[in-house]
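Inside the fold
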Amino acid sequence: MTTSPVDKEEGDFIIHIEKVNKIYPNGVQALCDFSTRIRRGEVRVIVGPSGSGKSTLLRCINGLERIDTGRIVVDGIPLDESKKNRLEIRKEVGMVFQSFNLFPHMTVLENINLAQRRVRKKTRKAATETTMDLLKKVGMVDKAHSYPGHLSGGQQQRVAIARALAMMPAVMLFDEATSALDPEMIGEVLEVMKTLAKEGMTMVVVTHEMGFAKEVSDWVIFMDEGRKIEEGTVEHFFSDPKEDRTKRFLSQIL
Amino acid sequence: MNATKNAWWVPRRTQVLDVAKFLILVGLLTGLMIRSSDALGYHWQWYRIPRYILFSEPGGWVLGPLLEGLLVTLRITGISLVLAFSFGMTTALCRLSSSLVARMLARGYLEAIRNTPLLVQLFFIYFVAGPVLGVGRFASAVLALSLFEGAYASEIFRAGIVSIHRGQWEAAYSLGLNMLDTYRYVILPQSVRRILPPLTGQAVSLVKDSALVSTIAIYDLTMRGQMIIAETFLTFEIWFTVAGIYLVITMVLSFTVNFMENRLRIEA
C-alpha cells in the first residue's frame, strides 16, 4: 500500500473508514482491513474489477450493509448498531444506484417529495419548491408529473440523482450510476455528476467511466479482493501505476 | 383497427367455430338436465320461489327470508373480511420481522389454522372458547372466519411483500425513511397491486365459507334456505336459488376488484 500524501495532510475529513472488514454470509470477504479518509468537497473515484468490494464499500458507508469489524464515521456520526445513528447517517448521505430504483407507483415529483416530507418533515409546498429547483438542475422539469416507467434510463437516473439531492446530503455515493445505461444516455448523467462535482459536493464514485475519473476526480483508489491495492492522484494513477494488478486492470479497460 | 373501420366486429372463422362449440356444449348440458330431472320424477315448482326472495304487501316491498339471510351473510363476511385482512397483514409482517418470537408466533398460528378444518375451529371457538371469553354466536362466527381466512391471506401478503425488488427497500432506506414509512409509502402500495387477484380469490372463499356459520344456528343465507326446505320440500329450487345468490355476490366482488385493478395499474 502506498502512503498517500493526502492522508497525511490535515484537513476537514467528512468520512473516516478505519480497518473495516466485511464478510458475507456465504464466506466471501468483501472488505479486508480497508481504511481511507475522505475530505469535504472531494471527488473520490473507486475503480476495480467486479467483485472487488467497491459496491460493498459504498453500501457500508450508509449502513445498507453491516460491517463485521472496524469503524466508519460520517460527518461526526459513528455508524454503529443504533438505529437512530443509521437513520441520521442516511439523511447525510445520498445514494444513486446502478438500477435507479425509482418508486414506480409515484410520479417523478412524488418520488422526490417523499423523503423530504417524511424525513425532513417539510410541508408539501416547501418540498415541491425544492423538487422543482432540482428538476431544473437535472433538466427534467417537464417530466415532473410523469411516472418512471415512461422515462428513458438516463432520465430515470437524473431523477434518482435529484431525489438523493433533495435530502441536502453532505455526501453523495454513486454506485456504478451509468453502468445500466445505453451508451447514448451515459453522457447526460455524467454531465449532471460533473456539475455537482464543480459545485463542491463531496462524492464517492464507483465507476468504469475513466474519462469521468480523469476529468473530475481528486483521488483514485484501485481495489481488488476487498483490499486497497493502490491509490493516488489521477495523473499518478493513470500514467504511473506501481502495482502489477493495477497495470493489468488499466490495460484491460483503457 | 383500420381494416374494420366500418363494422364494429368482423367475425373470424375461429370465432364462429368457438361460438358453435359453445352452443353445442350448452345444448348437451341442457338436454342432460332435462333428462335427469325426468328420470327423478321431480316436480319443479319455480313459481313458488319469488316470494321467498321479495314480496309485496300493502305497505310496500318486503324482504323474503332468503334476502334477510343474505343481509346476515353480508354482515358477517364484511366484518370478517376487514378482520381477516388485518390478521393477515399483521401475521405477514411478523413472519418477515427480525424478532424470533414474532416469527414463531405467526408460524404457530398459521400452522394451527391451516392444518385443521374450519368447521372444527368454528365449533371450538363457539362451544369452548366462546363461553370462557364471553363472546356470543355472531362474534364467534366472525372470529372463526376471520382467523381462518386471515391465515391464508397472510401468505398472500407475505408473497406480495417479498416479491418487491430489493432495490426498492434500499432506495427508501438510503433516503433515510424508517421501516414503517418504507412499508407504508413504498412497499405496500406496490404489493397491493400485485396481490389483488389472489386476495379477491380469498374474499370469494370467505363468502362461500361463511355458509358454515349456519351450523351454529346463525340465520344466514344457507340457514334460511335449509329452513324453507324443511317447510316446503322445494329442495332443488331453493338450493339453486341460494347458489345463484352466492354466485351474484362473488361475481360482483370480482368485477369490483377488476375495476379497481385497472384504475390502480402502474403505467409503464
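Residues numbered from 1 in each chain as written. Chains lettered and ligands numbered in written order. Predicted model: local features only at pLDDT ≥ 70, side-chain atom pairs only at ≥ 80, totals over all residues. Heavy atoms only, no water.

**Thoughts on the overall build of chain B**
- Looking only at helices and strands, chain B features 10 helices and two strands.
- Its helices and strands taken in sequence order, chain B reads α-α-β-β-α-α-α-α-α-α-α-α from the N to the C terminus.
- Taken over C-alpha atoms, the radius of gyration comes to 24 Å for chain B, far larger than the 18 Å a tight globule of 268 residues would show.
- For chain B, the spread of C-alpha atoms along the three principal axes comes to 70 × 70 × 40 Å.
- When each of the 268 residues of chain B is scored for burial, the buried share is 38%. (Helix = DSSP H or I, 4+ residues; strand = E, 2+ residues; numbered from the N terminus. Rg over C-alpha atoms; globule rule 2.2 N^0.38 Å. Buried < 20%, exposed > 50% of the residue type's maximum accessible area, 1.4 Å probe, protein only.)

**Thoughts on the sheet that holds strand β10 (residues 227–232) of chain A**
All names here are of chain A.
- Pairing within the open sheet is mixed, and its six strands lie in the order β6-β7-β8-β3-β9-β10. With one partner strand each, in any of the chains shown, β6 (93–96) and β10 form the two edges of the open sheet. Averaged over neighbouring strand pairs, the angle between their axes works out to 20° when direction is ignored.
- Sheet topology note: the strand β3 (residues 43–47)/strand β8 (residues 202–206) ladder contains four bridges and is parallel. Each bridged residue has a counterpart across the sheet, and for I46 the counterpart in β8 is V206.
- The strands that helix α7 (residues 183–198) touches are β3, β7 (171–175) and β8; relative to β8, the one it contacts most, it runs at about 145°. (Pairing = 2+ DSSP bridges. Axes fitted to C-alpha atoms, helices over the stretch in contact; angles between N-to-C directions. Contact = heavy atoms within 4.5 Å.)

**A short note on the packing of aromatic side chains**
- A complete count under the given rule lists 10 aromatic pairs over all chains for this structure.
- Their ring planes at 90° and their centres at 6.0 Å tell us that F85 of chain B and F157 of chain B sit as a pair that is edge-to-face. With F85 of chain B in helix α3 (residues 65–96) and F157 of chain B in helix α6 (residues 137–162), this residue pair connects regions lying 72 residues apart in the sequence.
- For F157 of chain B, a relative accessible area of 6% puts it in the buried group.
- Taken together, the ring pairs in this structure connect W46, F236 and F240 of chain B into an aromatic cluster.
- Here R163 of chain A stacks its cationic end above the ring of F103 of chain A, 4.5 Å away from the centre of that ring.
- The positively charged end of K214 of chain A is found above the aromatic ring belonging to F238 of chain A, 5.1 Å away from the centroid. (Phe/Tyr/Trp six-rings, centres within 6.5 Å; stacked < 30°, edge-to-face > 60°. Lys NZ or Arg CZ within 6 Å of the ring centre and 35° of its normal.)

**Some words on the packing of helix α4 (residues 100–114) of chain B against α6 of chain B**
Residue and element names in this part refer to chain B.
- Two elements in contact, α4 and α6, have axes whose closest approach is 9 Å; the angle formed by their N-to-C orientations is 120°. Seen along the crossing, α4 lies across α6 with a hand that is left-handed. Counted together, Y109, L110, I113 and R114 of α4 and S146, L147, F148, G150, A151, Y152, S154 and E155 of α6 form the full contact between these two elements.
- Its residues assigned to classes, the contact of α4 with α6 shows seven nonpolar, three polar and two charged. (Left-handed = near helix turned anticlockwise from the far one by under 90°. Nonpolar A, V, L, I, M, F, W, Y, C, P; charged D, E, K, R; others polar.)

**A word on the interface of chain B and chain A**
- Each partner contributes residues to the interface: chain B has 22 residues there, and chain A has 24 residues.
- Contact between chain B and chain A buries roughly 2000 Å² in total, counting both sides, with carbon and sulfur atoms accounting for 62%.
- At the surface where chain B touches chain A, the tally comes to two salt bridges.
- Ionic pairing is found between R59 of chain A and E170 of chain B, a salt bridge with its closest N-O pair at 2.6 Å.
- Where chain B meets chain A, there are six residue pairs in polar contact (both at pLDDT 80 or more).
- Of all the secondary structure elements, the ones that give two or more residues to the side of chain B that touches chain A are α7 (166–174) and α8 (179–209) of chain B.
- Here the element with the most residues in the side of chain B that touches chain A is α7 of chain B; it accounts for eight residues. (Buried area = accessible area lost by both parts, 1.4 Å probe. Salt bridge = Lys/Arg side-chain N within 4 Å of Asp/Glu carboxyl O. Polar contact = N/O pair within 3.5 Å; in protein donor to acceptor, adjacent residues only side chain to side chain.)

**A few points about the nonpolar core**
- If you look at the biggest cluster of nonpolar residues, it comprises 55 residues, and the most contacted ones within it are I15, I17, I72, F103, V171, L173 and V204 of chain A.
- Broken down by element, the residue count for this core peaks at six residues, all from α8 of chain B.
- Leave out the neighbours within four places in its chain, and F103 of chain A touches N111, L114, P148 and R163 of chain A together with Q168, A171, A172, L175 and V186 of chain B.
- One finds A177, L190, M203 and F237 of chain A within the second-largest nonpolar core, a separate group that totals 48 residues. (Core = buried A, V, L, I, M, F, W, Y, C linked by side-chain atoms within 4.5 Å.)

**Some details on the confidence of the model for chain A**
- Residues at a pLDDT of 70 or more form 96% of chain A, whose mean pLDDT is 90.
- Scored below 50 in pLDDT, residues 1–8 of chain A shows 12 contacts in the model against residues more than four places distant or in partner chains. (pLDDT = per-residue confidence, 0-100.)

**Focus: the pairing of strand β1 (residues 54–57) of chain B**
Residues and elements named next belong to chain B.
- When β1 meets strand β2 (residues 60–63), the two strands line up antiparallel, connected through four bridges. Paired with L54 across the two strands is L63, which belongs to β2.
- Following β1, the chain reverses through two residues before pairing antiparallel with β2.

**Observations regarding the side chain of N85 of chain A**
All names here are of chain A.
- The topology assignment puts N85 in helix α3 (residues 83–92).
- Look at N85 and you get buried, because its relative accessible area is 16%.
- Apart from residues no more than four positions distant in its own chain, N85 is found in contact with I77, P78 and D80.

**A look at the environment of E188 of chain A**
- Tracing the backbone shows E188 of chain A in helix α7.
- Separated by 50 residues in the primary sequence, E188 of chain A and V138 of chain A place their C-alpha atoms 8.9 Å from one another.

**Description of the environment of G160 of chain B**
Residues and elements named next belong to chain B.
- Within the element layout of this structure, G160 appears in helix α6.
- For the pair G160 and I187, spaced 27 residues apart in sequence, the C-alpha to C-alpha distance is 9.1 Å.
- When neighbours within four sequence positions are excluded, G160 is seen to be in contact with S191 and I195.

**As for unusual backbone geometry**
- For E225 of chain A, which is not glycine, the phi dihedral falls at a positive 50°.
- Taking relative accessible area as the criterion, E225 of chain A reaches 55% and is therefore assigned exposed.
- Within the chain, F233 of chain B stands out as a residue other than glycine whose phi angle is a positive 60°.
- With respect to the helices, strands and loops of the structure, F233 of chain B is situated in the loop between α9 (221–232) and α10 (235–264).

**Let's talk about the side chain of T77 of chain B**
Residues and elements named next belong to chain B.
- By the element assignment, T77 lies in helix α3.
- Polar contacts involving the side chain of T77 include one to the main-chain carbonyl oxygen of T73, which spans 2.8 Å.
- Setting aside residues no more than four positions away along its own chain, T77 makes contact with L206, V207 and S210.

**Some remarks on the confidence of the model for chain B**
Residues and elements named next belong to chain B.
- On average, residues of chain B score 89 in pLDDT, and 96% of them are at 70 or above.
- Within chain B, no element has a lower average pLDDT than β1, which sits at 81, and none a higher one than α7, at 95.
- Scoring the predicted complex yields pTM 0.81 and, for the interface, ipTM 0.89.

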